[in-house]
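Each chain is listed here by its residues.
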Amino acid sequence: MKEFLERELFSLNRGLVATPNTREDLEAFAKANGGSMDIVLMQMAINFGYKIALENVQEKLQEQSPKTKVRGTIEI
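Residues numbered from 1 in each chain as written. Predicted model: local features only at pLDDT ≥ 70, side-chain atom pairs only at ≥ 80, totals over all residues. Heavy atoms only, no water.

J.: Before we move on, could you go through the confidence of the model for the protein and cite the residues and values that matter?
T.: This prediction gives the protein a mean pLDDT of 82; 86% of its residues lie at or above 70. Counting contacts from residues 70-76, a segment whose pLDDT is below 50, to residues more than four positions away or on other chains yields seven contacts. (pLDDT = per-residue confidence, 0-100. Contact = heavy atoms within 4.5 Å.)

J.: How would you explain the side chain of Asn 47 if you had to name every residue and give the values?
T.: For Asn 47, the location among the structural elements is in helix 3 (residues 38-64). A distance of 3.3 Å separates polar atoms of two side chains, one belonging to Asn 47 and the other to Thr 19. Only 2.8 Å separates the side chain of Asn 47 from the side chain of Gln 43, close enough to count as a polar contact. Each residue touching Asn 47, except ones within four places of it in the same chain, is listed here: Leu 12, Val 17, Ala 18 and Thr 19. (Helix = DSSP H or I, 4+ residues; strand = E, 2+ residues; numbered from the N terminus. Polar contact = N/O pair within 3.5 Å; in protein donor to acceptor, adjacent residues only side chain to side chain.)

J.: Let's hear about the packing of helix 1 (residues 2-12) against helix 3: which residues, and what values?
T.: A pair of packed helices is captured by two measures, namely the crossing angle of their axes and the spacing between those axes. It is the contact of helix 1 with helix 3, at a shortest axis distance of 10 Å, that shows an interaxial angle of 155°. Regarding the angle of helix 1 to helix 3, the classification is roughly antiparallel. As helix 1 packs across helix 3, the resulting crossing turns out to be left-handed. On helix 3, the residues touching Phe 4, Leu 5, Glu 6, Glu 8, Leu 9 and Leu 12 of helix 1 are Asn 47, Tyr 50, Lys 51, Leu 54, Glu 55, Val 57, Gln 58 and Leu 61. Split by residue class, the contact of helix 1 with helix 3 holds eight nonpolar, two polar and four charged. (Axes fitted to C-alpha atoms, helices over the stretch in contact; angles between N-to-C directions. Parallel < 35°, antiparallel > 145°, perpendicular 65-115°, else oblique. Left-handed = near helix turned anticlockwise from the far one by under 90°. Nonpolar A, V, L, I, M, F, W, Y, C, P; charged D, E, K, R; others polar.)

If you want it as structure tokens, here you go:
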């Protein structure tokens, strides 16, 4: 799971449309583009949402890592 999250977060930085690092970056782009390039803005917003979701999952996994439970042979 950790490798998947790292790979997905890395891929967000290598796409054709940049993923904003912060909400402020996204808002600055939206303000600066003045209504043009809406498809790019939409994709940036999607990427940013995906980044936040991945970071939240990553954070929860880090919080729970000492509490890892084992069921059978599969770690969860």
